[in-house]
Amino acid sequence: MQIKISDMLDNASVLIEENKEVRNSTNNDRIKKMVFSEIDATPENIVKKKGERNMRKKILKIMKWAGLILLGAAAALMIWNFICKQAERSKIQAAYGTVVEVQGHNMVVDIKGEDNETTIILLPGWGSPSPVLEFLPLAEELSKDFRVITIEPFGYGLSDRVGTEREISVVVEELHECTQKLGYNQYYLMPHSLSGLYSLYWANAYPQEVKGFIGIDPSVPKQSDEEPLPISMAALNKLSAYFQKTVNVLGVTRLLSIGHPENAIYADTVYPYSDRELEVFRILSMDYAYSKDIMNEIKHMEDSLESVRDMKFPETVPVLQFVSEDNCELLETWELLHREIITETDMSEVVRLEGGHYLHFERKQELVEKVREWVRKVETVM
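Residues numbered from 1 in each chain as written. Predicted model: local features only at pLDDT ≥ 70, side-chain atom pairs only at ≥ 80, totals over all residues. Heavy atoms only, no water.

### Examining the packing of helix 3 (residues 131–142) against helix 14 (residues 364–381)
Point 1. Contact geometry of helix 3 with helix 14 gives a least axis separation of 10 Å together with a crossing angle of 40°. Considering the relative orientation of helix 3 and helix 14, their crossing is right-handed. Contacts between helix 3 and helix 14 involve P137, L138, E141 and L142 from the first element and K364, Q365, L367, V368, V371 and R372 from the second.
Point 2. A breakdown of the residues in the contact of helix 3 with helix 14 according to their chemical character gives 6 nonpolar, 1 polar and 3 charged. (Axes fitted to C-alpha atoms, helices over the stretch in contact; angles between N-to-C directions. Helix = DSSP H or I, 4+ residues; strand = E, 2+ residues; numbered from the N terminus. Left-handed = near helix turned anticlockwise from the far one by under 90°. Contact = heavy atoms within 4.5 Å. Nonpolar A, V, L, I, M, F, W, Y, C, P; charged D, E, K, R; others polar.)

Here is the structure:
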């Protein structure tokens, strides 16, 4: 049987075409399967995806409106807070104390027990919105035996905001000038917290005037050498201050303190403040706390610590230190650091009291009784 070459070529051509069709069909099916598996675009899933997209759009829309409502509420609260601040400004004018001109600015002091002979000067811890009102319960108790002067440094309470660098030498000179203008040249310094550093510097600058030092859990040199927390105390104080300033500016503090002024202040909860005193304390805490001077002061805290790093009290200055049990547990060297700066040993004491940093709130009566006893002893020797 004879096979024609032309027939063979025709058959081969047909087979090739059929093979191409089969191969193309297979490849098309494979491509479709790959594409659809990647985008999961079956008819059911297309409907499902569309529903999910619509849901996401609805959620985003709700979130957008919720955000706008919150922003609107915050703006309204801030405006209300600002209006209230302006309206209440007159309530704190000359609310308490006596004005002393220091370096061309007004510094406010409060004097109790003026007829007593022995003078104690109370100095506040960092950031106190009203040193006079904060120390009022303590000052009244002490004034039964002593002349008690509470000084509000610049930037605090009703004293002027001056806008100068709050270096330790500057602050001490201002406080000393205020004391001189009041006419007192012999006195005991009784600081709380950061003012402990100022008092140490003061006692070394004017040892002939300082009869003694009485510290209420005061700051001391080298306290930052061993920080008890992962963040430094200065940084922690800054964060706390900025948070409180934000809450105050937003009007949250004012809102929470309507009818309850104690919600805006940190004070001796046992002392019977008058309604007037509570209102002034509330306004100062909400609207005037953490002034630029006070924030500048904390900026210089490390420099202040360095300035007194190697200082001790003069041998002529007896020391009574009240230290917080809580702080002693937090920082093992807390009591030791307070002992290390004492050089007069015959009358000096370190008293450890149960409680936190504000011992003049928590242990006021014990503190006052010990001060009476100790000063009496010192005065007898002098």
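### Some details on the sheet that holds strand 2 (residues 105–112)
Point 1. Read from one edge to the other, the open sheet built from 8 strands follows the order 1-2-4-3-5-6-7-8, with strand pairing classed as mixed. Two strands in the sheet have a free side with no partner beyond their single neighbour: strand 1 (98–102) and strand 8 (349–353). Sheet twist, expressed as the mean angle between neighbouring strand axes with direction ignored, is 25°.
Point 2. Across 4 bridges, the pairing between strand 3 (residues 119–123) and strand 5 (residues 187–191) is parallel. Considered in strand 5, the bridge of I120 is made with Y188.
Point 3. This element, helix 3, spans strand 2, strand 3, strand 4 (147–152), strand 5 and strand 6 (210–216) of the sheet and lies at about 170° to strand 4.
Point 4. Across the sheet, helix 4 (residues 168–182) touches strand 1, strand 2, strand 3, strand 4 and strand 5, and the angle it forms with strand 1 is around 120°. (Pairing = 2+ DSSP bridges.)

### Let's talk about the layout of surface pockets
Point 1. A volume near 1100 Å³ is recorded for the largest pocket.
Point 2. Sorting the residues of the lining of the largest pocket by element identifies helix 6 (233–250), helix 7 (252–256), helix 8 (275–287), helix 10 (301–307) and helix 11 (325–330) as the ones contributing at least two each.
Point 3. It is helix 6 that provides the largest number of residues to the lining of the largest pocket, a total of 9 residues.
Point 4. Each residue belonging to the lining of the largest pocket can be placed in one class, and the counts come to 25 nonpolar, 18 polar and 5 charged. (1 Å grid on protein atoms, 1.4 Å probe; cavity = no way out; pocket = protein on both sides within 12 Å on 5 of 7 lines; lining within 4 Å. Points joined across faces, edges and corners; volume = space filled by probe spheres on them.)

### Some details on empty space enclosed by the protein
Point 1. Taken as a whole and judged by the stated rule, the model has 1 cavity of 30 Å³ or more.
Point 2. Space inside the largest cavity adds up to approximately 30 Å³.
Point 3. Looking at the largest cavity, the residues that line it are P153, F154, Y156, R166, V171, D293, I294 and E297.
Point 4. Per-element tally for the lining of the largest cavity: the top contributor is helix 9 (residues 292–299), with 3 residues.

### Comments concerning helix 3
Note on helix geometry: an α-helix contains 3.6 residues per turn, so any two residues three or four positions apart are oriented the same way.
Point 1. Taking 1.5 Å per residue, 12 residues should reach 16 Å; helix 3 reaches 15 Å between its end C-alpha atoms and fits that length.
Point 2. Burial analysis of helix 3 places 11 of its 12 residues in the buried class, the great majority of the element.
Point 3. Burial in helix 3 covers these residues: P131, V132, L133, E134, F135, L136, P137, L138, A139, E141 and L142. (Expected span 1.5 Å × (residues − 1). Buried < 20%, exposed > 50% of the residue type's maximum accessible area, 1.4 Å probe, protein only.)

### Some words on the packing of aromatic side chains
Point 1. Inspection of every chain in the model, using the stated rule, returns 9 aromatic pairs.
Point 2. Between F213 and F313, the ring centres sit 4.5 Å apart and the planes meet at 45°, which makes this aromatic pair tilted. One end of the pair, F213, is in strand 6; the other, F313, is in the loop between helix 10 and strand 7 (319–324), with 100 residues separating them in the sequence.
Point 3. By way of ring pairs, the aromatic residues Y266, Y358 and F361 are connected into one cluster. (Phe/Tyr/Trp six-rings, centres within 6.5 Å; stacked < 30°, edge-to-face > 60°.)

### Brief notes about a negative patch on the surface
Point 1. Residues E167, E302, D303, E306 and D310 make up a contiguous surface patch of negative charge.
Point 2. When you line up the elements, E306 lands in helix 10. (Patch = residues over 30% accessible without salt bridge, like charges linked within 9 Å, V, L, I, M, F, W, Y side chains within 5 Å. Areas by Shrake-Rupley, 256 points an atom, 1.4 Å probe, with all protein chains shown as cover. Salt bridge = Lys/Arg side-chain N within 4 Å of Asp/Glu carboxyl O. Lys, Arg positive; Asp, Glu negative; His and termini not counted. Charge placed at Lys NZ, Arg CZ, Asp CG, Glu CD.)

### Remarks on the pairing of strand 6
Point 1. By the criterion of burial, strand 6 is predominantly enclosed, with 7 of the 7 residues buried.
Point 2. With helix 5 (residues 195–205) bridging strand 5 and the parallel strand 6, this β-α-β connection has right-handed handedness.
Point 3. Pairing between strand 6 and strand 7: 4 bridges, direction parallel. Opposite I214, over in strand 7, you have L320 as the bridge partner. (Right-handed = clockwise from strand over helix to strand, strands pointing away.)

### Remarks on the pairing of strand 7
Point 1. Of all 6 residues making up strand 7, 6 are buried, and the element is well covered by its neighbours.
Point 2. Relative to strand 8, strand 7 runs parallel, the two sharing 5 bridges. In the strand pairing of strand 8, S324 is matched with L353.

### Here's the deal with helix 8
Point 1. The end-to-end C-alpha distance of helix 8, which contains 13 residues, comes to 18 Å, matching closely the 18 Å that a straight helix rising 1.5 Å per residue would cover.
Point 2. For helix 8, the set of buried residues is L278, E279, V280, F281, R282, I283, L284, S285, M286 and D287.

### Here's the deal with the confidence of the model for the chain
Point 1. Averaged over all residues, the pLDDT of the chain equals 88, while 87% of them reach at least 70.
Point 2. Considering only residues more than four positions removed or in separate chains, one finds that residues 1–5, a stretch of pLDDT under 50, has 1 contact. (pLDDT = per-residue confidence, 0-100.)

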